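As a plain string of letters, each chain reads:
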Amino acid sequence: MPQRPGGEVLVYDFRRAPHDPRDVDAAIMLVGERSSVEVPLAYARRGIPVALVAEGALDAPAFSEDEQSLANVSVVAGSSREALLDKLSRWLCSVIDKEIALAANFPFCRDVVVDGMVRRCALQNAGVTALPLVSGSDFPVMTANQMRLALDVSAAYGKGLEPSRALELSGVLGLALAWRMVSRRLVAVLPGLGLVARAGVALGGTLLTGEALRLWFDAPQLRPFSRGESSPVASRGGEPLPAVSSADAEGYVTIGGNAS
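Bear in mind that the values here come from a model prediction, so they are computed numbers and not experimental data.

(A) Seen up close, the packing of helix 4 (residues 110-128) against helix 5 (residues 138-156). Following both chains from N to C, one finds helix 4 and helix 5 inclined at 175°, their axes separated by 10 Å at the closest point. Compared by their axis directions, helix 4 and helix 5 come out roughly antiparallel. The residues of helix 5 that touch helix 4, namely those facing R110, V114, M117, V118, C121, Q124, N125 and V128, are D138, V141, M142, N145, Q146, R148, L149, D152, V153 and A156. Considered class by class, the residues forming the contact of helix 4 with helix 5 number 10 nonpolar, 4 polar and 4 charged.

(B) Region of interest: the packing of aromatic side chains. All chains considered together, the criterion is met by 2 aromatic pairs. Judged by centre distance (5.2 Å) and plane angle (20°), the ring pair of Y157 and F217 falls under stacked. On the criterion of sequence distance, the pair formed by Y157 in the loop between helix 5 and helix 6 (165-189) and F217 in helix 7 (residues 194-218) is long-range, its members being 60 residues apart. We classify Y157 as buried; its relative accessible area is 6%. Under the relative-accessibility criterion, F217 is labelled buried at 1%. Lying over the aromatic face of F139, R180 brings its terminal NZ or CZ to 4.7 Å of the ring centre.

What counts, and where the lines are drawn
- Residues numbered from 1 in each chain as written.
- Predicted model: local features only at pLDDT ≥ 70, side-chain atom pairs only at ≥ 80, totals over all residues.
- Heavy atoms only, no water.
- Axes fitted to C-alpha atoms, helices over the stretch in contact; angles between N-to-C directions.
- Helix = DSSP H or I, 4+ residues; strand = E, 2+ residues; numbered from the N terminus.
- Parallel < 35°, antiparallel > 145°, perpendicular 65-115°, else oblique.
- Contact = heavy atoms within 4.5 Å.
- Nonpolar A, V, L, I, M, F, W, Y, C, P; charged D, E, K, R; others polar.
- Phe/Tyr/Trp six-rings, centres within 6.5 Å; stacked < 30°, edge-to-face > 60°.
- Buried < 20%, exposed > 50% of the residue type's maximum accessible area, 1.4 Å probe, protein only.
- Lys NZ or Arg CZ within 6 Å of the ring centre and 35° of its normal.

All we've got here are geometric facts, nothing functional implied.
If you want it as structure tokens, here you go:
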């Protein structure tokens, strides 16, 4: 269930006609070997990414040769809850470009989203050290990148702009100053390898800063919900999700809503 008002998850079984594709970002379908392919194909033909979730790749329904060419249909197989959530989160992040909204709504996607943001920031900062800038001018650029990273990570955890963000930004600034001191020391003791040392510190320092931010937001007292606890935000306008009986073994959900 989405944890933010802008997210929406709609639940159907395969007896329902495909949902209106407007505002639908992705469709996730629980299938078996004998499941009908008409519903997933109906979504795929409308340009909506579809994940066919099954215990194993061989348990997914078979498509004809022409239908297999549909790039919007993927099989997400996992024999355990952990493996399935990991693969499903990576698939969602690959097909939905609203990564921050995705992470804020669905905690199981946060690790993938935050990892991607931290890696991109680290590579950017490492690249800044290779530019022929005036000595010391790379520090404010890298610090600004890391502060923007802190704000993006906080948004991925569903945190808005509020006074408590100042504490996190202060911590990022302190870490940036520490990495600068380490970089200068390495440049002094490794003559001729200054560029390599600076790039290494920029890369490693940003990765460690990202990990520190993750640990901070993962602290139990900061989590809005405990593990295993349902979010109070329901599927549409606060209405409860429809009940699905154990007899309805096959079904699907669509994910969409406001990107904010």
